[in-house]
Each structure stands twice: as structure tokens, then as C-alpha cells.
Amino acid sequence: MLTFTTSEIPHSPTPRMHPAVILACEQWRCPADIEYQPLTCAATIYCHDVTSHREACRRIQPPVPPASCARGRCRALDTGRAGRPARFCRPAAGPLAVLAGLWLALCTAVGPLYWDEENGTLAHWNWANTAIFVVSFLIYLGIITLMVRFAAGQRILPRAIGERLRQHQRNSGTSRPAADQQASQPAKTRRTVRAIVTSTVTVLDRWITRGTNRFWKLMLVFFVGWLWVPTTLLAAFGADLRSQIREFSWAWNQWTGLKQPYIGFFSFVPMDIYPTAHYMWPSDPTYLTDQHNVVLTVFYGAMVTFARHLTGSNDAGIVTLAALQTLFAVFCCAAAANRFLNRPWIGKTATDSAAPPQAGGLARFLILLFFMVCPLAVFSTISITKSPLFAFSFVWWFSVWYELVQTWHPAGTRKHPQTPAIATPVHLPRHSFIAFILATSVMLISAKYAWYIIALQIVLALIADRKRWATYVVALLIPTVLIHGGISFAISSGAIIGGDPIESRGVQLQMIARVAQRNPDGISDEAKKNLAPVFNLDQMADAYSQQDADPVKSSGIQAKKVSYKWRTVTPEDMTNFNKAWFEIVKDNPIIALDALLAKCFGYFNVNDQPYVSMDYYVASDYVQKNSTWIKDYNHDWREHIAGFTRVWGGIPVLGWPTHGNFYVVMTLLIGAAEVIRRRWLTLMTHIPLLLLMGVMITAPANNFERHMLPVAFVFGFVVLTYWRESLAERQRQSATLH
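Just so you know, these numbers come straight off a predicted model, no measurement behind them. (Residues numbered from 1 in each chain as written. Predicted model: local features only at pLDDT ≥ 70, side-chain atom pairs only at ≥ 80, totals over all residues. Heavy atoms only, no water.)

J.: Just give me the short version of the packing of helix α15 (residues 387–406) against helix α28 (residues 680–698), but keep the residues and values in it.
T.: With their axes 9 Å apart at the nearest point, α15 and α28 run at an angle of 165 degrees to one another. Here α28 runs roughly antiparallel to α15, going by the angle between their axes. Crossing hand, α15 versus α28: right-handed. Of α28, the residues touching α15 (which contributes Phe-390, Phe-394, Trp-397, Phe-398, Trp-401 and Val-405) are Leu-681, Met-684, Thr-685, His-686, Pro-688, Leu-689 and Leu-692. Class assignment of the residues belonging to the contact of α15 with α28 gives a composition of 11 nonpolar, two polar and no charged. (Axes fitted to C-alpha atoms, helices over the stretch in contact; angles between N-to-C directions. Helix = DSSP H or I, 4+ residues; strand = E, 2+ residues; numbered from the N terminus. Parallel < 35°, antiparallel > 145°, perpendicular 65-115°, else oblique. Left-handed = near helix turned anticlockwise from the far one by under 90°. Contact = heavy atoms within 4.5 Å. Nonpolar A, V, L, I, M, F, W, Y, C, P; charged D, E, K, R; others polar.)

The following block contains the structure:
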């Protein structure tokens, strides 16, 4: 084994050639392993002195690199798509990966502290937490390193093990008839069993691929695989659906001329449940709000009201909604799986050279297994809680982005004009274009934060793919303007009541409430004075729970802590809120940091059990006790299914795939690896996943599984994308070196 070490890596004359060092022999090409160090711009090249020749290898040194590379600020050329240089420095990718590992390690290390809800605090950090932090960081950094090395075609296993495996493969593939004749009977039996297993796996791979190579076949698989859910469990729901039905009923009563209470000290209407500050209520009575997105509220409420008119109860309408959502989930997941697994555009408009064009049987089996078995996906099909609807539409939307990336062409410049073959942009097929519009629209009506995600994607898409600007304007911008703009206009005109701004201040409220509970004397008189018109600090302290900010916001029915003075607060009272919050945080930094971490660490800690899991909605009191006849249909079966998933989810390691935080953590690690590999175009389509993680941090509750559904649903597709792009990258590197 001959070892060559370069001090720096020069620029490559063509994209994706790194390092730009060519190994050659006088007569034969020499196989080599290249270890690239992205932080130091250095590489170690291990040249295998094979037995076929003994000539010494000579290194051909390319042109001298510019001074910027020697200073460690080399301009990256690897974009994840050939032909478009990135404008970022490779050394900047390493710190981002380190930051991701540090954040995940911190969330893992603080878990044991905050599991003690009464006394847990960072002030109790000890050597055990330090050990957990260090070990976790090394594990996460190791996973990132393995993924990066896999993408670069470098060694993943130790060299000795790798050599032994390669030797075993060479020996297995060598025909040795004489040895076979002299082999013992056990050895022959082992070879026979191995041949049978290999043949069986090959047949299964072929049949799985054939059974899922069309959209309609995938739809049939999802429909049959999920059919037992709506037929045996009927529906799953919680307080949100009840609130939406109640809200629509009050609005319907108003439209039909029934007199009802509105604003009053002794009145208690649906808007007082969330609650929404009275200063936001229009002078003319209205009972529709945008708390749960008004479009869904009207649709759900109208469906249930119509069923109640026909049957005398809400249950038939709820079951109908669950069945419709199941069909929608079948369609969305089948459409997404077809794009990712089959890539129907290959051979027509694709520019990606990754091989094979279609996913193999193992990838198909694992992705379908997740959707068929994982409680996150199974229970979401019938959960009428708005988040599953957003998640399934997001999967559909995410798959169209993949098609856009796969058919992307770089825009030409004056210095580097396009060739005629790629001068014309590749437009989406009509069905994909319509799917893009519909998926965007469903996302906008199912989650209020969707428009933030879509707005950022519009900007990024117009920068990265400006040739297809019309696609993004029609499919993203226009639906956002119509839906979000229309709702905003309805709020400003007094037709509906907007959501209370206090809903977006969950992190601030938790910090103030924790200080009020743990150190009330640490709040200055000025801060108390500024908060007095908005919050009752004593009630705030009593209502505080580190897992959920809703009690601090006075959410709930009449018997609740009135910490938020929603009846009397005014917009002027809120002007000093941020000032009071900042002063409290400044005076109590450890407690404030405790409040932040305790509210969100569970989303990034695979060892933390969910605060509210998806099985909760299957066997909630709203289903099992307060429904009319749903509670009597398979009551024990519903409890058994929910109990089984809780037991499964509670098993260390084996239960991780049943919880959303496992997929959040792994997706963040893959994103860090993509940054290091500089796959900027792919990262552009994965930015929504990072934004969704930000939504988790600002969400009212910690480790609320329904907020993690979109990330979990697309995780298999993200892994498949990373594998394909890594394979394509390794193929290009191999072609460059050979």
C-alpha cells in the first residue's frame, strides 16, 4: 500500500473532480481510495499495489491552485448538479454539520434533566449529562461522516474489514470445481442454502418492482393496506374537531336568525375557548374564526351539520370525513411514491444520470412497510386533526419538487451560454402541474404556517430555476395570494375573527411563566407593571406546564386558569410585552433557557416519549366516551390497538421508528451531509423540512407527534434521494479517475 498526501486540493477543470489529482501507472490505471478532508482542503490517496503489476505509480500534478484555496477559502465546484458552480465555501459546510450535531447532542443530554418536571433544570447539569452530551455528539457526527464518505465513494468500514469482505467476494465468485468436489457435505449445504436464498431474494425483488411500477398499482397497494383502518377504527379525533363543529354550529345558528350571546362578562362562546382577545372581535357579531383555518372549519362543520340533520348525531359526518381523508391519503402517497420510486419522466425529460432509473425492490419494500405499519402513518389516515391533512398534501407537494429537480437545466450566462439541447426549459406535464397547484392549495387551507414555507420556496425557486418562473408563479404565488390574501381580507372586513397574536408567543409565555413559578421574586416591579394588563402572574405560575403552553394562554372550557386576560386586554397593553419579557429573561437567563429547552427538546431526542402521540386520537375520550355510536363500534379493539402501539413505542431502540422525533433527527443529519456534499439544488427542495423543525420549536407543546408527520412521511424519499445522488456522484468520480 503506497500512500500519497497532498497539502491542498487544486481547483478542478470540470465539476465534480475533487480532488483534482490524477493517479496513473505507466501501463495500467491504478485503483485508489481517496480520503478527502473538506475542512483542510487536503486529501490522502491510498494506492493499491496490486499483484498484476509492480510498477511505481506516478502522480500527475494539475495546475497550481489559486491563493484562495491555500488560505482555506476554496470556491466550491460541487453543486450536486453538474455544470453549475456553487458560490459557497466548502470549509463553511463543516461548522454547519457540527452545529447540527451539537444541537442534537444538547437535546439528548438535557432529557434526563427535564424528565423530572418538578425539579429539572440546567443548574443540575452533572458529569452524567456531560457524558451523554459527548457520546451523543460523537455518534451524530459519526453518522454524518459515514454518510459523507458513502457519498464520496470512500471507505465506510475499517480497511482490514473491507479488504476481508472484498477478498471473500472474489473467492465466492471464483469457480473452483475441484474444490467443490472435495468440499465437505456441510460446506455444500451452505452453498446450496445460499443459492436458494439469493434466488428467492431476486424473485421477490422482481415481483415487488413489477407490483409497484405504476401509479394505479401503488394506489391499489395503499388502498388495500389501509382498508382495515377506516373499516375497524372508523375515525380518530380530539378537541380541535369538536371546537370546529361547535364554531360552525354557532355561525349556522346566526345565519338562520337565532339570537345568541356575543361579548359579555358572563357569556362564554366558542371564541372564549381558545381564547381570542375580545378586542379582535368585530362589532357586528360573527362566530367564525381562523383559529383552525376557516376553510377547514366551514368544510368540516358543514359536513357534520348535514349528517346531523340526516341522522340526528355528528358521528356519521365524522366517519365520512375520516373516509374521505383516507382516500386523499391513498392518492397523495401513491402519487409521491410513483414519482420517487418509478421516476416516470426518465427517458423523456430527465437530466439526472443516476442509475438505476427505478428504485429496487428493497427500497420499495421499506418505504411501503413504513406507510403500512408505522402508527404515525396508519392512524393519520383517519385522524381529523388538520395536521395529517397538511402532511399528506405536503408529501404530494414534495414529490412534485423532486420531479422539478430531476428535470432541471442550468440557466445560461454570457460567459457560459447554454447548448441548444438545453436552451428550452423542461416544463412540468399537465397532470404534475395541476397536482402542484392542488397540493399547494390544500396545504394553505390546512395549516396557517404553510404560507411561510411556500413564500420562501417561491424566492428560492426563482433564484435557482428562473427559467421556469411561470410554473412557480401559477402553482405557488397565485394560490397563496388567493387563499391567504382572501382569508386576510375576510378578517379585515369583519366577516371572520383572526387568530390571536398571543398564539405565536408560546416560547415567550413559557419563559415568563416558568420564572413566575420558580423565581417570582426575580421579576422586577417594572416588568410586573407592564405585564399586569395582559397576564395574571399568579395564575400564570399555577397554570405553567413545561410540556404545553396552552394552559398559560388560558385555553380550555370555562373551568380554567385565567392567566391571559383576553376579555380586557387591548392592543395598547401589548406594546410593552416584549420589553417586559426581555427584562425577565435578562434577569433569569437559566430559567428562561430551561423553559425553551423543556418545550422543544423532545422533538430532537429519540429517547423522549411523545407528549401526545397519534394513538391518543384513536382512543381519546372524545371517541370512546363522548361520541354517540362510534364508541360502541369495536370499542375494545380500538383500545387494544392504541395500547399495542404504546407498548411498542416504549421499547428502547425498537420503538424509535414509531415516533416522529426519530425521523426528525435522521432528516437533520441527512441535511447536514447534503450541505457538506454541496447539493444545493436538492437542499433548496429540503428547506421546507428545516422550516417545519422551526415550527416544532415554536409550537405550543413539546414532542407533539402530529407536528412531525410531514417530516416522517417524506423521510424514506429523502433517504432514497440521498442514495441516488451519492451513487451518481461516485459514478462521475469513477469516470473522472478512470
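J.: Any details on the nonpolar core? Residues and values, ideally.
T.: Formed by 148 residues in total, the largest nonpolar core has its most connected members in Phe-222, Trp-226, Phe-371, Trp-397, Phe-436 and Phe-713. Broken down by element, the residue count for this core peaks at 15 residues, all from helix α12 (residues 315–342). Residue contacts for Phe-371: discarding those within four places in its chain leaves Phe-222, Trp-226, Cys-333, Ala-377, Val-378, Phe-713 and Phe-717. Residues Ala-513, Val-552, Ala-580 and Ile-591 belong to the second largest nonpolar core, which totals 29 residues. (Core = buried A, V, L, I, M, F, W, Y, C linked by side-chain atoms within 4.5 Å. Buried < 20%, exposed > 50% of the residue type's maximum accessible area, 1.4 Å probe, protein only.)

J.: Before we move on, could you go through α12 and cite the residues and values that matter?
T.: Between its first and last C-alpha, α12 extends 40 Å over 28 residues, near the 40 Å set by a 1.5 Å rise per residue. Taken from the residues just after α12, Arg-343 is the one with a positive phi, measuring 45 degrees. (Expected span 1.5 Å × (residues − 1).)

J.: How would you explain a nonpolar patch on the surface if you had to name every residue and give the values?
T.: Together, Trp-216, Leu-220, Phe-223, Val-224, Leu-227, Phe-299, Leu-324 and Leu-327 line one region of the surface with nonpolar side chains, adding up to about 800 Å² of accessible area. For the nonpolar patch, the secondary-structure elements that each account for two or more residues are α8 (215–226) and α12. The dominant element in the nonpolar patch, judged by the number of residues it contributes, is α8, at four residues. By the secondary structure assignment, Leu-327 is in helix α12. (Patch = residues over 30% accessible without salt bridge, like charges linked within 9 Å, V, L, I, M, F, W, Y side chains within 5 Å. Areas by Shrake-Rupley, 256 points an atom, 1.4 Å probe, with all protein chains shown as cover. Salt bridge = Lys/Arg side-chain N within 4 Å of Asp/Glu carboxyl O.)

J.: Can you tell me about the environment of Gly-499, naming the residues and giving the values?
T.: For Gly-499, the location among the structural elements is in the loop between α18 (469–492) and α19 (506–518). In this structure Gly-499 comes out as partly exposed when scored by relative accessible area, which is 28%. Gly-499 sits 210 residues away from Thr-289 along the chain, and the two C-alpha atoms are 7.0 Å apart. Those residues in contact with Gly-499 that lie beyond four places of it in its chain are Met-280, Asp-290, Gln-291 and Lys-448.

J.: An account of the packing of α8 against α12 is requested, with residue identities and associated values reported.
T.: Where α8 meets α12, the closest approach of the two axes is 8 Å, and the angle between their N-to-C directions is 135 degrees. With respect to each other, α8 and α12 are oriented oblique. Along this stretch, α8 crosses α12, giving a crossing that reads as right-handed. For the pair formed by α8 and α12, the contact residues are Phe-215, Leu-218, Met-219, Phe-222, Phe-223 and Trp-226 on the first element and Leu-327, Ala-329, Val-330, Phe-331, Cys-333, Ala-334, Ala-335, Ala-337, Asn-338, Leu-341 and Asn-342 on the second. Looking at side-chain class alone, the contact of α8 with α12 contains 15 nonpolar, two polar and no charged residues.

J.: With reference to specific residues and values, describe the environment of Thr-698.
T.: Here Thr-698 shows up in helix α28. The spatial distance from the C-alpha of Thr-698 to the C-alpha of Gly-506 is 6.5 Å, given a sequence separation of 192 residues. Setting aside residues no more than four positions away along its own chain, Thr-698 makes contact with Val-507 and Lys-599. Separated by 3.2 Å, the side chain of Thr-698 and the backbone oxygen of Val-695 make a polar contact. (Polar contact = N/O pair within 3.5 Å; in protein donor to acceptor, adjacent residues only side chain to side chain.)

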